[in-house]
There are 4 protein chains.
Amino acid sequence: MSINSFGRILRVTTWGESHGPAIGCVVDGVPAHLTLSEDYIQTFLDQRKPGTHRFVTQRREDDKVRILSGVLNNTSTGMPISLLIENKDTKSSDYQNLEKTFRPGHADYTYWKKYGIRDHRGGGRSSARETACRVAAGAIARQILKPLITIQAALVQIGNRPIKREHFQWSECLKNPFWCPDPSTVPLWQEDIDKARHNLSSLGAIIEVVAKGVPPGLGAPVYGKLDADLAAAFMGINAVKAVEIGAGFQAASLDGHTMSGEILLDEHNQPLFSSPHSGGILGGISNGQDITLRFAVKPTSSIPQPIKTITSELEKTTLATKGRHDPCVGIRAVPIAEAMMALVLADHLILARAHNAEIPKTS
Amino acid sequence: MSINSFGRILRVTTWGESHGPAIGCVVDGVPAHLTLSEDYIQTFLDQRKPGTHRFVTQRREDDKVRILSGVLNNTSTGMPISLLIENKDTKSSDYQNLEKTFRPGHADYTYWKKYGIRDHRGGGRSSARETACRVAAGAIARQILKPLITIQAALVQIGNRPIKREHFQWSECLKNPFWCPDPSTVPLWQEDIDKARHNLSSLGAIIEVVAKGVPPGLGAPVYGKLDADLAAAFMGINAVKAVEIGAGFQAASLDGHTMSGEILLDEHNQPLFSSPHSGGILGGISNGQDITLRFAVKPTSSIPQPIKTITSELEKTTLATKGRHDPCVGIRAVPIAEAMMALVLADHLILARAHNAEIPKTS
Amino acid sequence: MSINSFGRILRVTTWGESHGPAIGCVVDGVPAHLTLSEDYIQTFLDQRKPGTHRFVTQRREDDKVRILSGVLNNTSTGMPISLLIENKDTKSSDYQNLEKTFRPGHADYTYWKKYGIRDHRGGGRSSARETACRVAAGAIARQILKPLITIQAALVQIGNRPIKREHFQWSECLKNPFWCPDPSTVPLWQEDIDKARHNLSSLGAIIEVVAKGVPPGLGAPVYGKLDADLAAAFMGINAVKAVEIGAGFQAASLDGHTMSGEILLDEHNQPLFSSPHSGGILGGISNGQDITLRFAVKPTSSIPQPIKTITSELEKTTLATKGRHDPCVGIRAVPIAEAMMALVLADHLILARAHNAEIPKTS
Amino acid sequence: MSINSFGRILRVTTWGESHGPAIGCVVDGVPAHLTLSEDYIQTFLDQRKPGTHRFVTQRREDDKVRILSGVLNNTSTGMPISLLIENKDTKSSDYQNLEKTFRPGHADYTYWKKYGIRDHRGGGRSSARETACRVAAGAIARQILKPLITIQAALVQIGNRPIKREHFQWSECLKNPFWCPDPSTVPLWQEDIDKARHNLSSLGAIIEVVAKGVPPGLGAPVYGKLDADLAAAFMGINAVKAVEIGAGFQAASLDGHTMSGEILLDEHNQPLFSSPHSGGILGGISNGQDITLRFAVKPTSSIPQPIKTITSELEKTTLATKGRHDPCVGIRAVPIAEAMMALVLADHLILARAHNAEIPKTS
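Described below are features of the structure shown in this document. It should be emphasised that the depicted structure is a prediction, and the values quoted were computed from it without experimental measurement.

### Brief notes about the overall build of chain A
Along its length, chain A carries 7 helices and 18 strands. Over its C-alpha atoms chain A spans a radius of gyration of 21 Å, differing by no more than 12% from the 21 Å that the globule rule assigns to 363 residues. Seen through its C-alpha atoms, chain A measures out along the principal axes to roughly 65 × 50 × 40 Å. Expressed as a percentage of its 363 residues, the buried residues of chain A come to 69%. Restricting the contact set of chain A to residue pairs at least 6 apart, pairs at least 24 apart contribute 69%.

See the structure below:
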């Protein structure tokens, strides 16, 4: 079984391997009348694309997106939108030694065990290259959310070094190659990454995502909870091992009163939740506060130091991964995080309209 | 929109409110020929049921389950299995003051905002009483997994006090009211809970779940990843704010080599992963290691100390929750955790058989 | 694999066997604020229930429905609605000879072959008794459609005797036991059925369903077409072998101009389609005309004359079905037809609102 | 809402407009290890492609298919297979007069009413050009069914002229441009079509599809019935107004004994159903007989004679459709019918394996 679609009513189906001729996606359920163009989507792809600075993989892909359907005169028609991105800078020769050798930490063994066959070139389908499609689809989702909801993500920890929370400035994120909201941490992370490279190793990261302007009422009781759908969406990003919402794991250590807080009234006589710890979701449904989410990305599994492993013939071997890899794959997860948040919220926004005429029409 | 089903091919649909006449579920997609009886399912419900000791709510429910369909002569027929549990010890009078008042930390405001109506009696549909159905369905799922896969869960932290890892013994969990695997921590938790009660507050918790015997090959690439489905299943349990698999958030701080480890060969010449940090899942697919997962439960939102809140008429008021509540709702999440793990794995086990004849037949 | 749910966003899950303790369903996705009561749903169940006159099975079931969830003070809350109907007049002894013998024309062999086990008592899960749940769920769906859309069905052929089209009067349907819109045909059908009974045989039927007031815009392009969803819903009713919409099979014989007709403007300057042959659906989407559908029900497979068949041990045997059976099961399909039409339209009405604020709000 | 996927576990998502740059599909859930190539799929596309003889549209499309993912060394990898077909011979100028004018019988009005926008060029998304994707996906499905199940379709009626049943020869279908199994009817149909053209009109058709070798046990009880899924798949083909299985509408006129027949034992002591009228499906599950299905295609809606219609400004106008159209669109539905049958059966074959190890492994 292979499952390559997600979303309940806004459905994204992605396809393509890292070293195949192209990758792409079909975004179905997009409302008509959105303004959409290749240039607009490209803006977001350019944020994710590899090879732009020395802290990411040196594979150079233009990641030029083509819209093949569903858009007429820069306007969505309500029909499925097919997006295509060609693969250009593939160096499959880098991967020849992987045809029968499993990289620990990668999906090599599990794909082979499940399917009895795998495309070893550049990780095939399990490559993070697939996330370009998520970013492109996320750009469409943002148009569904606009102007109601805005989404931002930031890298808040690399390795064991977190940012200094008191320096947090969203505006800083676009000023450095790390999406770091704290300028004082940037030079330290540069050193950390250089050191990891020198040690032929790699680093993990923690990313934080915030959605502002989410109206109350998105989500569903019991099994279509907004937080459950977000958890699946983020845990499903390559290399992610943990997801938390609001206080997250810290919630275990808070006392009940601190966690729940109070409901006050703001200056417009609207509900005001005094505690931020719910992360904007109560009982699986948005409460109108900012939605806050954090997730952890493991250190890049492809590292150049020699490690013991086995082949598909179950023979021992040693492998030093070649190829061009991100020293900290978490850095490039930032635009992906924004895209996944946009996609889940847009899906629930459309769903919510089905039953509730009060949900603002955004597009 | 209301979404009350989950699972891809093994589908559970639950229904019922805390103070309605009954709660129940329909479990569809259960293979034929499983041995199933009311007594068998009852064993698991008895583990979750309230009122059994002083550290949980004093609501007394027998939680007697009836099988209404899908089982003939203690054998599943492949048809949908309908389970029904009557509500008996409802004290809706305890909740009269909640008809128009929102409890902070609960789903009161969000349900009302989404639906314009809510069943305020005992939390209605958002009550954790719904989880009895998950436990009952989970008992069926275990029969699908048997004898291949076994599942256990333990409480590893209450409030800010974790267990001592070096004392961890699975066999201890059933010997104390906390599912605590470390006997030295039990008396300390008793004190902590008594203190929280005295302070009219409540405590959060962290639970750990382990599945042993999972064959490699469960899960799916990209959007039906086993870890993504687990993340949704656990984040969707009432009061859960965080989920992590394997090293989880700690993965951010590990270096690449420690995280990935090596692949060796065991004494049967089978793959042996040296690192436990993946938690048994690589690229969304099980690798044959134990699957390990942790999640955090926030402190019970219903606390007896007076807190400021508002009514559905947007008027300020003060509320001290009455009713019978768990001082640490995380305690009762342990059997629910085992059930959710069983349901997700059984679903993927059946799915995996569709494409891969090598997946062992368990039932 | 067992699939017991249908609907895209309004989801009905049914369960129960003909001779089990009860049958029932869970209806999920019902909007809040509908007026609903057991008495209201009962009205529709009473139209379908057996034993009311001599032309249907003499099994006597009150078919008393209980609402177990999702309704508070006769108002839907948006939560899943669980309905339960007890089985009372089961005579499983009538079916003892069927434990190992397959009735030709029934699902006995196919269920046994698929599951290796079947509940032979009264047809188990494959019994048309399941349709009581559809009628109950359909009653809920009608409240979603009200006051916009009204649905009526009529029996237009029994055996090889069609009604006289020129006598068609909807108001006649409730005046005779056959839902026959043509009073002149009623006595002839009585004779036909008596004759079939005398011959130890049974008769088939054709039913016509019409939905009035359907707004344009329900349905979806390509794979969620309104007519495709209707075709599945009706072909999925027990014993149905054919479904047609508008001109149906006759469309093959029409010339293009007669089929398509013209689009004129009515007295309110609104589009008026001159041809009825599309049956109200063009390109999978409703066009505002009446939706018209016909389907054929095969003659009851349970007939009292001895027929050759085999056992599950693959031995030859002879079987004369005992038990209480409908001589023409098509008669009782009329209320089921109305229910299925209501369910499909309500599902698409809610779906349509998600993307199109112009869809009138009905509830 | 736009729904462009179908299938339960073998999922096909199509995209693309008639006059956009390309059309295509993603086929997800395809088992690994199937032999697949562009040449193989092309064989089936060539059967459907336009412009090959004078009885079909003169639009000339090579319909060259490219495989963009999911296939490595002519072998499926289990990953989603993306197929792309470029549109080359588009004459959008033929459609300029349709930008604001609705063609009766087409989806023009309904798409516009639902979405408020439509791609008028060549019918946009509602064009039968989309069916090229079905044929391509169907070619993949056939490899899943091979060598167990074979599928064939034939045209059995054009206009009001059916074939002579006693002349039926499958081998004749490929020898004439009509897929006609009766050579004596071929010259009569030629005359009929020429006459319709002369009259500036068009003709409908009836197609019959047969699947041989279907093992018993495909399908599901109640709502995933094989016949219900087939009904949706066929009613969802462009211009189809009716679907019947086995005896179909004729079942209404048969007596119970003739319909059901008997179950005998064949020379291998295996069940032998004496009646063909069930069409190979009982209770929604295949019984091992041939599956037989018929469907009706309405006459082409695009006809060159002037007809009255309206514009999107609700003004009256007259329209004589230009462009290159099939005089009898049913002719080209034959390869589509085979594809849809293959897709539904492959989906259910894979599903059946999930629960039943006895289902033969085909690939």
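Past the structure itself, the notes keep going.
### Section: the interface of chain B and chain A
Each side of the interface is counted separately: chain B has 103 residues, and chain A has 103 residues. Carbon and sulfur atoms make up 65% of the surface buried where chain B meets chain A, a total of about 8,300 Å² over both sides. When the area that chain B buries against chain A is broken down by residue, the three leading residues are Tyr-223, Lys-241 and Phe-249 of chain B, summing to 10%. Remark: the boundary between chain B and chain A carries 0 salt bridges. Inspection of the chain B/chain A interface yields 33 residue pairs in polar contact (both at pLDDT 80 or more).

### Side note on the nonpolar core
Residues Phe-234 of chain A, Phe-234 of chain B, Phe-234 of chain C together with Phe-234 of chain D are the most contacted members of the largest nonpolar core, which totals 393 residues. If we ignore the near neighbours within four places in the chain, the residues touching Phe-234 of chain B are Val-209, Val-240, Val-243, Leu-293, Phe-295, Ala-337, Met-340 and Met-341 of chain B.

### Considerations on the interface of chain B and chain C
Listed by partner, the interface residues are 41 residues for chain B and 41 residues for chain C. Both sides of the chain B and chain C interface together cover about 3,000 Å² of buried area, and 68% of this is carbon and sulfur. Contact with chain C buries surface across chain B, with Trp-15, Met-79 and Ile-117 of chain B losing the most and accounting together for 18% of the total. Applying the counting rule to chain B against chain C returns 0 salt bridges. On inspection of chain B and its partner chain C, the count reaches 6 residue pairs in polar contact (both at pLDDT 80 or more).

### A word on the pattern of salt bridges
Summed over the entire model, instances satisfying the criterion amount to 56 salt bridges over all chains. Across the pair Glu-244 of chain A and Arg-294 of chain A runs a salt bridge whose closest N-O atoms are separated by 2.9 Å. Of this pair, Glu-244 of chain A sits in strand S11 (residues 240–245) while Arg-294 of chain A sits in strand S16 (residues 291–297), placing them 50 residues apart in sequence. Of the two residues examined, Glu-244 of chain A and Arg-294 of chain A, each falls in the buried class. For Arg-294 of chain B, the salt bridge is made with Glu-208 of chain B, and the minimal N-O distance between the two is 3.7 Å. Within this pair, whereas Arg-294 of chain B is found in strand S16 (residues 291–297), its partner Glu-208 of chain B is found in strand S10 (residues 205–212), the two being separated by 86 residues in sequence. Accessibility expressed as a relative area gives 16% for Arg-294 of chain B, which makes it buried.

### Considerations on the relation of the copies chain B and chain C
Placing chain B over chain C gives an RMSD of 0.0 Å and needs a rotation angle of 180°, together with 0.0 Å of translation along the axis. Within this description, the copies of the chain are treated as partners about a two-fold rotation axis. Counting the interface residues of chain B, we find that 100% of their copies in chain C are interface residues as well, pointing to one common contact surface.

### Examining the packing of helix H3 (residues 131–145) of chain C against helix H7 (residues 333–355) of chain C
Residue and element names in this part refer to chain C. At a closest axis distance of 7 Å, the pairing of H3 and H7 adopts a crossing angle of 45°. One element, H3, and the other, H7, form an angle in the oblique class. Regarding H3 and H7, the two cross each other, and that crossing is left-handed. Facing Thr-131, Arg-134, Val-135, Ala-137, Gly-138, Ala-141, Arg-142, Ile-144 and Leu-145 of H3, the residues of H7 in contact are Pro-335, Ile-336, Glu-338, Ala-339, Met-340, Ala-342, Leu-343, Leu-345, Ala-346, Leu-349 and Ile-350.

### Things to note about the side chain of Ser-37 of chain A
Residue and element names in this part refer to chain A. Within the element layout of this structure, Ser-37 appears in the loop between strand S3 (22–28) and helix H1 (38–48). Among the polar contacts made by the side chain of Ser-37, one reaches the main-chain amide nitrogen of Tyr-40 at a distance of 3.1 Å. The residues contacting Ser-37, other than those within four sequence positions of it, are Ile-67 and Asn-74.

### Thoughts on helix H1 (residues 38–48) of chain B
Within H1 of chain B, the full set of buried residues consists of Tyr-40, Ile-41, Gln-42, Phe-44, Leu-45 and Arg-48 of chain B. Looking at the buried side of H1 of chain B, the elements it contacts are strand S4 (65–67), strand S7 (81–86), helix H3 (131–145) and helix H7 (333–355) of chain B.

### Describing the relation of the copies chain B and chain A
When chain B is fitted onto chain A, the two copies agree to an RMSD of 0.0 Å after a turn of 180° and an axial shift of 0.0 Å. A shared binding surface is used by both copies, with 100% of the interface residues of chain B retained as interface residues in chain A.

### Comments concerning the packing of aromatic side chains
Going through the model one piece at a time under the given rule, you end up with 42 aromatic pairs over all chains. A ring pair is formed by Phe-234 of chain A and Phe-295 of chain A, whose centres lie 5.2 Å apart and whose planes are at 45°; its orientation type is tilted. Of this pair, Phe-234 of chain A sits in helix H5 (residues 226–235) while Phe-295 of chain A sits in strand S16, and the two are 61 residues apart along the sequence. Summarising the burial analysis for this pair, Phe-234 of chain A and Phe-295 of chain A share the class buried. Look at Phe-102 of chain C and Trp-112 of chain C: their rings are 5.3 Å apart centre to centre, the planes differ by 50°, and that puts the pair in the tilted class.

### Comments concerning the sheet that holds strand S9 (residues 161–162) of chain A
The strands making up a sheet associate through hydrogen bonds between their backbones, and the pairing can be parallel or antiparallel. Across the sheet, which stays open at both edges, the 10 strands sit in the order S9(A)-S8(A)-S10(A)-S16(A)-S11(A)-S11(B)-S16(B)-S10(B)-S8(B)-S9(B) with antiparallel pairing between neighbours. Bordering the open sheet on either side are S9 of chain A together with strand S9 (161–162) of chain B, each of which pairs with just one other strand. Relative to S16 of chain B, strand S11 (residues 240–245) of chain B is paired through 5 bridges, and the arrangement is antiparallel. When the bridges of S16 of chain B are listed, Ala-242 of chain B appears paired with Ala-296 of chain B. The strands touched by helix H4 (residues 186–198) of chain A within the sheet are strand S8 (150–158) and S9 of chain A, with S8 of chain A carrying the most contacts at an inclination of about 60°. Along the sheet, H7 of chain B makes contact with strand S8 (150–158), S10 and S16 of chain B, crossing S8 of chain B at roughly 140°.

### Considerations on the sheet that holds S7 of chain B
Residue and element names in this part refer to chain B. With respect to topology, 5 strands assemble into an open sheet ordered S1-S2-S3-S7-S4, the strand pairing being antiparallel. Each edge of the open sheet carries a strand with a single partner, namely strand S1 (5–6) and S4. Both S1 and strand S2 (residues 11–16) contribute to a ladder of 2 bridges, which runs antiparallel. Its bridge partner lying in S2, Ser-5 is registered against Thr-13.

### Topic: unusual backbone geometry
Residues and elements named next belong to chain C. Of note, the bond from Lys-146 into Pro-147 is cis; its omega dihedral lies within 30 degrees of zero at 0°. Phi at Asn-73 takes a positive value of approximately 50°, unusual for a residue other than glycine. Tracing the backbone through its elements, the reader meets Asn-73 in the loop between strand S5 (71–72) and strand S6 (75–76).

The rules behind these values
Residues numbered from 1 in each chain as written. Chains lettered and ligands numbered in written order. Predicted model: local features only at pLDDT ≥ 70, side-chain atom pairs only at ≥ 80, totals over all residues. Heavy atoms only, no water. Helix = DSSP H or I, 4+ residues; strand = E, 2+ residues; numbered from the N terminus. Rg over C-alpha atoms; globule rule 2.2 N^0.38 Å. Buried < 20%, exposed > 50% of the residue type's maximum accessible area, 1.4 Å probe, protein only. Contact = heavy atoms within 4.5 Å. Buried area = accessible area lost by both parts, 1.4 Å probe. Salt bridge = Lys/Arg side-chain N within 4 Å of Asp/Glu carboxyl O. Polar contact = N/O pair within 3.5 Å; in protein donor to acceptor, adjacent residues only side chain to side chain. Core = buried A, V, L, I, M, F, W, Y, C linked by side-chain atoms within 4.5 Å. Least-squares fit on C-alpha atoms with pLDDT ≥ 70 in both. Axes fitted to C-alpha atoms, helices over the stretch in contact; angles between N-to-C directions. Parallel < 35°, antiparallel > 145°, perpendicular 65-115°, else oblique. Left-handed = near helix turned anticlockwise from the far one by under 90°. Phe/Tyr/Trp six-rings, centres within 6.5 Å; stacked < 30°, edge-to-face > 60°. Pairing = 2+ DSSP bridges.

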